[in-house]
Amino acid sequence: MSSVTLTAKAIRRSLLAVATTSVVTTGLFASAAVSAEEQVQKVERIEVTGSRIKRADMETASPVSVIDASAIISSGATSIDDILQQMTSTGGAMTNAAVNNGSGGDASINLRGLGSNRTLVLVNGRRMIASGTGAASTVDLNTIPVSIIQRVEILKDGASAIYGTDAIAGVVNIILKRDFDGFEMNVQTGMSGQGDADETSLDFTMGNTFDKGNVVINAQYTNRGDASQADRDFSDCPISEKGDPGSIELYCGGSSYSEGGHIWGETASLSGLGGEYHEFTDEDKYNYAKDSYLSTPMERINLSFSGSYELSDSILFFSEAMYSKRWSSQQMAPQPIWNSDVWTYEPESAGGFMTDDLLPWIAAGEEVSYGRRMVESGTRDFSQNVDTVRIVLGLEGEFDNGWTWDASYNKGKNDSVDTLANLHNLGSISDAVLEGTFDPFLQSSWEGDSIEPYIYTEVNSGGSELDIFAATLSGDIVDLPAGVLGFAAGIEHREESAYYTPDSLTAQGLANDPRVEATAGSFQVDEVYAELAIPLLSDLPFAQQVDLSAAMRYFDYNTFGDDTTWKLGLTWRMTDDLMFRGGLSTAFRAPTVNELYGGASPSFDYIVHPATDQDQAEVTVGGNDLLTPEEADITTLGFVYSPSFVEGLSLTVDYYDIEISNTITAVDSNYVANQCMDANGAKINADTALCQAANIEIDGSGRISFDNGLQNIGETNTSGYDINIAYVFDAAGLSWKANLDTTLLSEYEEFDQDGTAVDYRGFITGNAGSFAKIKTNLDLTASGDDWSATYEVRYIDGMDSFACEDDPSACYAPSVDSIVYHDLSGSYDLTETVRLSGGVNNIFDKEPPYYTGNLDSNTDPYTYDVLGRYFFVRASVKF
């Protein structure tokens with residue numbers, strides 16, 4: 001049988017037991033595998049992430065990290081993104097509970113800061129359906145039940161030759177429990193030190209292994225409460241800056257789309273705050289932070305099933321099924337509205353229908369721009385109702401010659417409905433103003449029965465679908481002097497489709513925001529791949545074992561045509577203690593349905609620009625059906641050192657270099673605004689491709705707007721080092737595990753369509769997250785007979801604000817200091833069947849840093865902990 005035997009499973013568990021409670025590289029596995037070499041030779045081979053060839057050990061030429069179930073439990077995570085996003089190899093923008101504006105309730109992983117769409121997420125070695133709202137193009141980690149995860153393998157290397165598109169930054173392979181016997185139930189609850197963001201999770205798992213197969217059933221329910229920006233000193237108002245360089249001051253600012261209305265005339269700027277018009281000042285700005293969530297609520301149900309049955313001595317039927325139901329919501333300040341049509345002031349005293357209240361400042365017949373914060377109608381309430389289903393059916397078997405095969409069908413489907421309440425039909429309001437039946441300058445016009453007919457709830461729907469037919473063949477071709485020549489090959493046919501149908505009013509542009517177009521489309525691809533594991537040398541001085549791996553994939557898309565990608569890897573074990581490894585590969589990322597066919601829609605991006613006091617620009621984004629795949633050249637080099645004179649110690653160092661060309665992206669909004677508009681609001685650099693495509697302008701309210709759709713532009717290059725030191729030892733009558741993970745970022749550059757380099761290394765941005773030069777995690781676990789305790793330290797290096805790159809002196813906070821988080825957790829076995837555990841994250845209640853050009857909550861919720869000290873407790877019953 002190609003399924004792993006009980007003996008093999010026991011060896012694999014022993015290897016995983018060596019792993020620390022956090023992220024561990026293959027260096028530990030290499031050491032453990034060597035020490036158990038005689039046993040490993042007797043077991044059947046297993047498949048390791050990054051290769052389709054089944055092996056008797058877990059060594060490959062590519063760096064693989066592992067997070068086991070104990071690490072997930074000790075962190076208090078109820079969703080796998082909680083722990084994946086803390087890895088040192090992550091960066092950039094990762095949606096999570098702290099992202100209130102624009103997250104849609106999703107949770108994502110972003111290896112190397114290259115974007116979630118360049119990190120391939122697998123479940124049990126097979127693709128996971130993209131999920132979320134609209135025409136989703138990335139995997140929502142909320143759909144994967146954390147309670148049934150056996151381990152997570154993270155391949156920090158390109159793997160398109162093995163898995164196809166998206167595997168540029170790496171692969172996250174989430175492996176679920178398939179051989180569980182018995183019953184287990186867990187109850188966990190937690191809350192922040194401020195008494196908010198409470199979260200409760202309940203799950204149970206049942207499994208049974210019988211003569212011809214096994215069945216595992218799991219259910220998990222999670223309910224997460226909210227926290228408000230108003231309840232933290234660092235986020236209770238949007239901080240603004242004023243003054244000249246050297247004497248810049250902070251003040252509680254906000255939006256110029258203010259309560260009571262804001263009127264821009266030819267010479268006047270008026271506020272209606274308080275019911276009486278007066279000259280607009282900073283005190284009239286609207287504090288939108290007080291209405292916004294700091295952490296967003298969610299309710300989630302996850303159901304999963306796996307089973308297998310031996311149809312004969314050589315054929316096994318297997319199946320997997322997952323269902324996820326998510327209800328999530330976000331809350332933002334009342335809608336800001338503005339007039340897209342020109343409004344002419346027509347006071348009653350001049351024979352018009354409007355109030356005379358503006359006359360001291362605005363002349364009759366004068367054209368004005370108008371903005372208003374619709375506090376009378378209440379906050380903008382976002383909600384998502386998302387259903388995701390994944391089913392895998394397949395057969396696997398073994399031929400008489402020992403070769404194994406499998407054939408499978410992978411079906412995924414995602415449907416969503418998202419709503420946005422308390423919006424206003426400004427198209428109808430503007431018509432009424434022009435017809436003389438609605439006076440926008442009379443405060444009572446925006447209240448009660450007068451405004452109620454214009455209030456509506458936006459209802460959008462979307463979904464995606466995935467179908468994959470796949471078959472693989474793997475085995476040993478021939479015995480060579482240095483070992484066995486391994487082989488794997490396979491074919492895949494994949495079809496993906498997605499759609500997004502916006503609300504009818506939104507689609508017609510009758511809401512205050514610009515119109516949103518529908519999205520619909522599909523593509524299909526046929527792929528063939530092959531892989532070889534070639535032993536070159538063995539049992540020689542300084543060449544105990546040298547192996548070469550090679551893989552190639554051919555793909556043919558109906559959208560853009562065909563191409564190939566390849567990978568070469570080398571492992572050179574010099575001695576029992578020292579192994580070198582390296583790899584060269586090409587990778588690709590095909591444009592998704594949303595990138596190809598996404599309708600134009602508005603995005604309000606945070607910017608800092610001297611031509612406006614508004615901190616958001618109206619950016620029109622959308623798809624492009626002429627997009628072609630991204631291509632990448634990837635190099636990794638490293639070594640694993642496990643000194644025999646220090647038992648249990650392992651050191652790994654890996655260098656990575658990723659060069660992406662034909663990048664599918666939109667240029668950073670701050671960069672576009674500053675490249676294409678000067679401090680006085682005039683267009684500049686009009687002869688460049690960047691600014692010609694931007695169509696940048698500034699409206700009467702001072703808001704900058706431009707186009708920033710997806711294009712194949714320039715390049716993205718990043719490089720750095722991953723360093724891991726792991727030590728397992730006994731001392732003071734206890735078992736100890738220590739693990740130190742560090743990522744050093746050497747380079748992160750993007751090039752626009754004009755070939756201009758944008759360097760993000762060491763910068764924190766307002767839209768794309770952060771790119772710290774150094775990130776480090778340290779874990780130390782002590783274990784007794786019936787207890788364990790884990791202490792974790794997380795370090796993020798200081799960074800400079802990208803918005804202040806050109807002139808740091810013009811910013812109050814052009815940089816952020818380094819930050820260190822401390823976490824503590826422990827568990828105690830009350831009986832053989834009952835375990836109690838708990839912990840405190842961010843023990844010292846470290847606040848996230850403020851920086852000029854921040855994203856939200858006056859900080860970067862992609863990167864920093866915004867909740868502060870957090871407590872959790874857990875009870876587990878297993879028998």
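The shown structure was predicted, so the numbers you read here are calculated from the model rather than taken from an experiment.

Next up on the list: the sheet that holds strand β41 (residues 763-764). The mixed open sheet is built from three strands, whose spatial order is β41-β44-β45. Edge positions in the sheet fall to β41 and β45 (815-816), since each of these pairs with one other strand and no more. As paired elements, strand β44 (residues 799-801) and β45 share two bridges and run antiparallel to each other. Directly across from Asp 800, in β45, lies its bridge partner Ser 815.

Scanning the model with the defined rule gives 28 aromatic pairs in all. Taken together, a centroid distance of 5.9 Å and an interplanar angle of 10° make the contact between Tyr 370 and Trp 446 stacked. Residue Tyr 370 is located in strand β21 (residues 367-373), and its partner Trp 446 is located in the loop between α7 (426-435) and α8 (448-451); the two are separated by 76 residues in the primary sequence. Side by side, Tyr 370 and Trp 446 carry an identical accessibility label, which is buried. Here a set of aromatic residues connected by ring pairs shows up, and it is made of Trp 343, Tyr 345, Tyr 370, Phe 438, Phe 441, Trp 446 and Tyr 454. Arg 112 extends its terminal NZ or CZ atom over the ring of Tyr 656, reaching a point 3.6 Å from the ring centre. Its guanidinium or amino end placed over the ring of Tyr 251, Lys 242 lies 4.9 Å from that ring's centre, counting from NZ or CZ.

Both faces of the sheet carry side chains from a regular strand, because those side chains alternate between them. Pairing analysis gives nine bridges linking strand β7 (residues 182-192) to strand β8 (residues 199-210), with the strands arranged antiparallel. Bridge pairing in β8 places Val 187 opposite Leu 202. The antiparallel pairing of β7 with β8 creates a hairpin that spans six residues between the two strands, and Gly 195 there sits at a positive phi of about 85°. Where β7 meets strand β48 (residues 870-878), nine bridges bridge the pair, whose relative direction is antiparallel. By the bridge assignment for β48, Ser 192 is matched with Tyr 870.

Our next topic: the side chain of Thr 472. Secondary-structure assignment places Thr 472 in strand β24 (residues 455-480). Polar contacts involving the side chain of Thr 472 include one to the side chain of Asp 406, which spans 2.4 Å. Those residues in contact with Thr 472 that sit more than four places away from it in its chain are Thr 404, Trp 405, Asp 406, Ala 489, Gly 490 and Tyr 529.

As a further point, take unusual backbone geometry. Here Asn 422, not a glycine, exhibits a phi torsion of approximately 70°, which is positive. Along the chain, the position of Asn 422 falls in strand β23 (residues 404-424). Positive phi is not limited to glycine here, since Ser 857 has a value of about 55°. Its place among the elements puts Ser 857 in the loop between β47 (834-841) and β48.

Ordered by their spatial adjacency, four strands build an open sheet running β30-β31-β36-β35, and the pairing between neighbours is mixed. One side of each edge strand has no neighbouring strand; the edge strands of this open sheet are β30 (601-606) and β35 (697-698). As judged from the two bridges shared by β35 and strand β36 (residues 704-707), these two strands associate in the antiparallel manner. Residue pairing for β36: Glu 697 is matched across the bridge by Ser 705.

About the criteria used
- Counting restarts for each chain, with residues numbered from 1 along the sequence as it is written.
- Per-residue local features of the predicted model are confined to residues with pLDDT of at least 70, and side-chain atom pairs are confined, for both listing and counting, to 80 or more; whole-chain, interface and lining totals are unaffected and use all residues.
- In computing side-chain values, all of the structure's heavy atoms are included and hydrogens and water are not.
- Any two strands with at least two DSSP bridges between them are considered paired.
- Strands here are runs of E lasting at least two residues and helices are runs of H or I lasting at least four, both read from the DSSP assignment and numbered beginning at the N terminus.
- Two rings belonging to Phe, Tyr or Trp (six-membered ring only in the last case) form a pair when the distance between their centres is within 6.5 Å. Interplanar angles under 30 degrees mark stacking, angles over 60 mark edge-to-face geometry, and anything in between is tilted.
- Only protein chains enter the calculation, and the probe is 1.4 Å; a residue is then buried if its accessible area is under 20% of its type maximum, exposed if over 50%, and partly exposed in between.
- A ring has a charge above it when a Lys NZ or an Arg CZ is no more than 6 Å from the ring centre and no more than 35 degrees off the ring normal.
- Polar contact is the term for a pair of N or O atoms within 3.5 Å; when the atoms are in protein, one must be able to donate a hydrogen and the other to accept it, and sequence-neighboring residues count only if both atoms are side-chain atoms.
- Every residue pair with non-hydrogen atoms within 4.5 Å of one another is taken to be in contact.

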